[in-house]
Each structure stands twice: as structure tokens, then as C-alpha cells.
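Residue-level listing of the chains:
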Amino acid sequence: MPSHTRRQFLTALGTTSIALGGCLSPSRPSGDLGDVTGRWEMVGRTPGHTRRATSGPSNPDVVWQTSLDQVRATSTPAVSTGSLYVPVDAISETARHRYRIHALRAATGEERWQVPLRSEPNGPPAVQGNHVVVTAKRALEKGRVVGFQTRYGDEDWLVDIDARLTAPPTIADGVVYVPDWNGRVHALSVGDGSVRWSHNVDAAAGGRTFTEPVAVLGETLYLGSRSGKTGVVALDATTGEKEWEASRRAVTGGPVAHQKGVAVQSHQLVTVFDTDGTRQWSVNIPDARGQQIAADSQHLYVSAGNTVYAIDWNGEEEWTYEAPGGRVGPPAVAGETILIRSETQLLALSRATGDERWSTTPGGVSRGIVTPEAIFLPESDGSVSALGEK
């Protein structure tokens, strides 16, 4: 069960926030994107984790690049209401805390504030309203969920979980949903961290259970279990009561919840269920390794090795694209294009045909995010770049 600790005990993770001026290197691009209204507020962009934005830059170039002080590596950020929230690995001889969250102005890359994290974050933060939420590993079998204010980075609340956490948070309708490795799902208020409900869904399975984030569609949560016994589970989002369960092999990717179905990946097998739990179809994807799936009204997009597959909602393969630059990361939908990042390139493909639209060669291999105004890319040298229209 979670242990909810108020403000006087919040120093365990590190509560000091530091308001900063701009940290743009004079040798790097330092342009201005203008008003950034687009959002990618959590892993998968939306609570359903479809990785779909309404549009993205059609002819992108680097507008700004920010080097963060004493940072070795940056990872996938979140963006909301004009601010970019970036998890970083800040290990150095002089850095006081290894892990931090940096808030940047999305338009220019200027740093607004940073907060230390004494626990390693699990992927990107989630943002809703005035709060940014992070899940973290405080020990091998202990987890932590922390809520910060978006304005100055002040820490508002902290909840300790007596189980291993590896899933980033999902926020929907003011509730933070976090699954753990012991088969329990926690629903917390985004405003103060109070526990709405906490249920043990997979008590009999034990071991490696809910390792990936929950997906939310409407009033239902969808989870995939790695235990090999529970499979896919649907819960009522308000009460946590089980709606249905589809027993199957271990789920290694997903779920992705779309109005047309709920998709999960089990190693090389991609399966889609109706939202009532009825199995629609399965398809085998060679060399698939459980990366995040993207979805729109036409297709599911699955990365495997150096190939991207577009599978329609009837389970038929519509097109494939083999990237020239080695293995590819998870796809993202940006309007009429599919964005993928290989080991050497960022590429845009036609979502209808898979034909290449454009490519560029940013540094690093981390997972980026996209809004109509820009593509935000964490870089391997501890910087963050924004690509906008030329």
C-alpha cells in the first residue's frame, strides 16, 4: 500500500527548486519558435498512449539547442502550456544530485527552473493543470510518486510505494494512475497525492507484473501484465473494479487504447481487442521487441529492428519501411506523417503509403516528442534541441 507523506517529510526526494536564467550556449542555435500551444503531456502523448499529434513541422530545421549545466544525458520530455519538462542524468564530479527535472521555455529553450531527484525517474513526467508528476525508483523494490508545481518547481506531495515501479505515470481527469510490479494499481489525486483507490489486480501471479504504464480511454483503464498469467486487464477508472480480463502470454508492450481497439504486444505478436475484451486479431511482427506502438484511425504503427510496419485495424499489413540507419525507435504520428528515429536519422514517412517525406540528422538516439510547432529531441551530449519550420 502507498505511504502518503505530507510536506514536512518531502525532503527525502529533494525539494529545493532553483529558478534560473537562460543557459543557452552562444555556439548553439538560439532562435524562437513563437507561441508553442501544442501538448505532449505524458508518455504516449495522451492517456490512451496513441503517440499521435494533430500535425508537426513539414520542413524542419534546428531552431534552438540548449545545453543543460552539468548534465550528462537527457531523456524523453513532456510539453504543456509552453513549457518543456526534461528528465536528466546529471552525474558529474560537481553535480550535487544525479537526477533532475529541468523546466524550459518551449519557444526558446531558456531554462525556467530545475529540481533535484534523489531517485531515478521512470521515463517522461506527466503534466496536468498546475502539476507535473514523476514516478521513480527509490530502491530495488521500492517506488515513489512525486508531484511538483509547474510554476516554480515546488514539491507539493510525495507518495511512497512498497513495490518496484518502472512505469511512467498516466494522468486522466485529475487522477494519476501508477501500476507496480506486485500487481497493484494506484489511483492518486493529481492535486495533493491523496489515494483515490489502490487495488491488487494480479495477486496470484507475483513477480514481474505491471511494468508498463496504464492506458485510459473514457471510464476504463487498460493494463498489460508481464506475469504470463493475467494478460490484459480492464478496470473501472473511478473505482478500480475489474471489468474484464483476457488471459494470454506476457504483455511486453502497450496497451494502446483507441476507439477502434486496445492493442498490446507480446514479444513478436501484436494483438487487438475490442474495448469489451473480445479478441479481434493477432499478427506476427518479426524482430519486434515491445517498443511503444502508435495508432491513428487508419493504422497501428509498429517498430521492429530497422523496419516500421503499418497494420490496418483489420490486421492487414498496408506497408513497411526499412530505415537505412539501423534499428528504429518507436513511431509517432504527426498529422499525415509518421516520425521515426533511427540510429543516425530522424525521418518522416507518409502515413498512407510509407514513402519518405524528409530526413534530418540530429544528434543522439533518445525518443523525441512532437507538437504542431516543433519536434523536441533529447540529445546524447546532455542538450535538448527543438526543430521547427525552416
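Above this text sits the structure in question.
No experiment lies behind these values; they were computed from the predicted model shown.

Cut-offs and rules
Residues numbered from 1 in each chain as written. Predicted model: local features only at pLDDT ≥ 70, side-chain atom pairs only at ≥ 80, totals over all residues. Heavy atoms only, no water. Pairing = 2+ DSSP bridges. Helix = DSSP H or I, 4+ residues; strand = E, 2+ residues; numbered from the N terminus. Axes fitted to C-alpha atoms, helices over the stretch in contact; angles between N-to-C directions. Contact = heavy atoms within 4.5 Å. Phe/Tyr/Trp six-rings, centres within 6.5 Å; stacked < 30°, edge-to-face > 60°. Buried < 20%, exposed > 50% of the residue type's maximum accessible area, 1.4 Å probe, protein only. Lys NZ or Arg CZ within 6 Å of the ring centre and 35° of its normal.

### Thoughts on the sheet that holds strand β24 (residues 261-266)
Read across the open sheet, the 4 strands follow the order β23-β24-β25-β26; overall the sheet is antiparallel. Each of the sheet's edge strands pairs with one partner strand only, and the pair in question is β23 (253-258) and β26 (279-284). Adjacent strand axes in the sheet meet at a mean angle of 15° when their direction is disregarded.

### As for the environment of Pro-121
Mapped onto the elements, Pro-121 comes out in strand β10 (residues 120-121). Taking the C-alpha atoms as reference, Pro-121 lies 6.5 Å from Val-134; in sequence the two are 13 residues apart. If sequence neighbours within four positions are ignored, Pro-121 has contacts with Pro-87, Tyr-99, Val-134, Thr-135, Ala-136 and Lys-137.

### Observations regarding the packing of aromatic side chains
Geometry of an aromatic ring pair is reported as the spacing of the ring centres plus the angle between the planes. Evaluation of the coordinates by the stated rule reveals 6 aromatic pairs. Between the aromatic rings of Trp-64 and Phe-376, the centroid separation amounts to 6.2 Å while the plane-to-plane angle is 45°, which identifies the pairing as tilted. Of this pair, Trp-64 sits in strand β4 (residues 60-67) while Phe-376 sits in strand β36 (residues 375-378); the two residues are 312 residues apart in sequence, bridging distant segments of the chain. A single burial state applies to Trp-64 and to Phe-376, both of which are buried. One aromatic cluster in this structure is built from Tyr-222, Trp-244 and Phe-273. Looking at Arg-164, its charged tip hangs above the ring of Trp-181, at a distance of 4.3 Å from the centre.

Distances and angles like these do not, on their own, reveal function.
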